[in-house]
Amino acid sequence: GTQKDRIAFAQCMDALRRGFDTVTMATCGNYGVAVSLAANLAGLKCHICIPENYHTKRIHEIRNLGAEILKTPGDYEQSVEFSKQLALEKEFYDANPGGANTHLQLLSYAEIAYEIYDTLRDAPKVIAAPVSNGTMLAGIYRGFLTLHKRGKTSRIPQFIAGSSFKKNPIIRSYQKGYDYCIDLKPDRIKETEINEALINWHSFDGDVALQAIRETNGWAEDVSDQKLIYYSKIL
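Attention here is on the structure that accompanies the text. Note that the structure is a prediction, hence the values are computed from the model and not measured. (Residues numbered from 1 in each chain as written. Predicted model: local features only at pLDDT ≥ 70, side-chain atom pairs only at ≥ 80, totals over all residues. Heavy atoms only, no water.)

1. Some thoughts on the overall build of the chain
Check the secondary structure of the chain and you find nine helices and seven strands. The C-alpha atoms of the chain give 17 Å as radius of gyration, which agrees with the globular expectation for 235 residues (18 Å, within 12%). Along the first, second and third principal axes, the C-alpha set of the chain runs to 45 × 40 × 35 Å. Looking at the chain residue by residue over its 235 residues, the buried ones come to 50%. The long-range fraction of contacts in the chain, counting pairs at least 24 apart against all pairs at least 6 apart in sequence, stands at 68%. Carbon together with sulfur atoms contributes 51% to the accessible area of the chain, which is approximately 11800 Å² in total. Side chains of the chain carry 28 positive and 28 negative charges; the gap between the two charge centres is 5 Å. (Helix = DSSP H or I, 4+ residues; strand = E, 2+ residues; numbered from the N terminus. Rg over C-alpha atoms; globule rule 2.2 N^0.38 Å. Buried < 20%, exposed > 50% of the residue type's maximum accessible area, 1.4 Å probe, protein only. Contact = heavy atoms within 4.5 Å. Areas by Shrake-Rupley, 256 points an atom, 1.4 Å probe, with all protein chains shown as cover. Lys, Arg positive; Asp, Glu negative; His and termini not counted. Charge placed at Lys NZ, Arg CZ, Asp CG, Glu CD.)

As structure tokens, then:
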């Protein structure tokens, strides 16, 4: 039931086409449920890596969908590396961000742009999106870029990115005026039950997301835990 479903189903279909019987990836919760659902429907085995200190409330959904949960030491980035190594050693399909499947992941999120176009018959003036790794924002940008090049839209939207306060490399890099995405210092990041789905010291697709913000004259902003709760209730 989240935007993660698009990327999850695309990769499980890709895994089937390429003859894999097991998929693996790291998650803060939502992506894990999406991949577990897609793998379950595709008849694939699924290994979900979750940092041992995370508080995600979606673990029971992941287990109910038949996936195996592996609690890993360290933070999200370390969990991704654990899953990548597991895929390499066991010959599992690697559904993690920032790897060989980046192009497929961006294409999957480009579908959101096509859905918006199907409703509006043009591009909106602005697209606002949360960022963690930056994959979704970058994918939507690629989708609107394609539509505009094909003459379907009158413009490419401005892109606005939001994430947890001082805990995202894309937001920080934009604020500092960089053209590339810098890493944050891991020891300065504090995870909470509210922000853990958004925070990371390294954004795997940060460069392409930052490029989308810059090239559309967009902007990026930090959001506190209090505001995350406030706006989620409004939504």
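2. Focus: the pairing of strand 5 (residues 126-130)
As a general feature of sheets, a regular strand has side chains that alternate between the two faces. Burial of the side chains of strand 5 is restricted to one face: Ile-127 and Ala-129 are buried, whereas none of Val-126, Ala-128 and Pro-130 on the reverse face is. Where strand 5 lies against strand 6 (residues 158-164), five bridges are found, and the strand directions are parallel. In the strand pairing of strand 6, Ala-129 is matched with Ala-161. (Pairing = 2+ DSSP bridges.)

3. So, the sheet that holds strand 6
Read from one edge to the other, the open sheet built from three strands follows the order 5-6-7, with strand pairing classed as parallel. Each of the sheet's edge strands pairs with one partner strand only, and the pair in question is strand 5 and strand 7 (219-223). Each neighbouring strand pair of the sheet contributes to a mean axis angle of 20°, computed without reference to strand direction. Two strands pair when backbone bridges link them, and strand 6 and strand 7 are joined in this way by five bridges, in the parallel orientation. If you follow Ala-161 over to strand 7, its bridge partner there is Ala-220. Each of strand 5 and strand 6 touches helix 6 (residues 135-149); the most contacted strand, strand 6, lies at about 170° to it. (Axes fitted to C-alpha atoms, helices over the stretch in contact; angles between N-to-C directions.)

4. What about the sheet that holds strand 4 (residues 93-94)?
Spatially, the four strands line up as an open sheet ordered 3-2-1-4, and their pairing is parallel. Among the strands making up the open sheet, the edge pair consists of strand 3 (68-72) and strand 4.

5. Regarding the packing of helix 6 against helix 8 (residues 206-215)
For the pair helix 6 and helix 8, interaxial distance at closest approach is 8 Å and the crossing angle is 50°. Relative to helix 8, the element helix 6 lies oblique. The hand of the helix 6/helix 8 crossing is left-handed. Contact residues: Leu-137, Ala-138, Tyr-141 and Arg-142 in helix 6; Val-208, Ala-209, Ala-212, Ile-213 and Glu-215 in helix 8. Here the residues of the contact of helix 6 with helix 8 sort into seven nonpolar, no polar and two charged. (Parallel < 35°, antiparallel > 145°, perpendicular 65-115°, else oblique. Left-handed = near helix turned anticlockwise from the far one by under 90°. Nonpolar A, V, L, I, M, F, W, Y, C, P; charged D, E, K, R; others polar.)

6. Thoughts on the environment of Cys-46
Structurally, the position occupied by Cys-46 is in strand 2 (residues 45-51). For the pair formed by Cys-46 and Ala-67, sequence separation is 21 residues and the distance between their alpha carbons is 4.9 Å. If we skip the residues at most four places from it in the chain, Cys-46 touches Thr-22, Val-23, Val-35, Ser-36, Ala-39, Ala-67 and Glu-68.

7. Considerations on the pairing of strand 1 (residues 22-26)
Among the five residues in strand 1, five count as buried, and that is most of the element. Both strand 1 and strand 2 contribute to a ladder of five bridges, which runs parallel. Following the sheet pairing, Met-25 is matched in strand 2 by Ile-48. At this point the chain moves from strand 1, through helix 2 (residues 30-42), to the parallel strand 2, and the crossover so formed is right-handed. Relative to strand 4, strand 1 runs parallel, the two sharing two bridges. (Right-handed = clockwise from strand over helix to strand, strands pointing away.)

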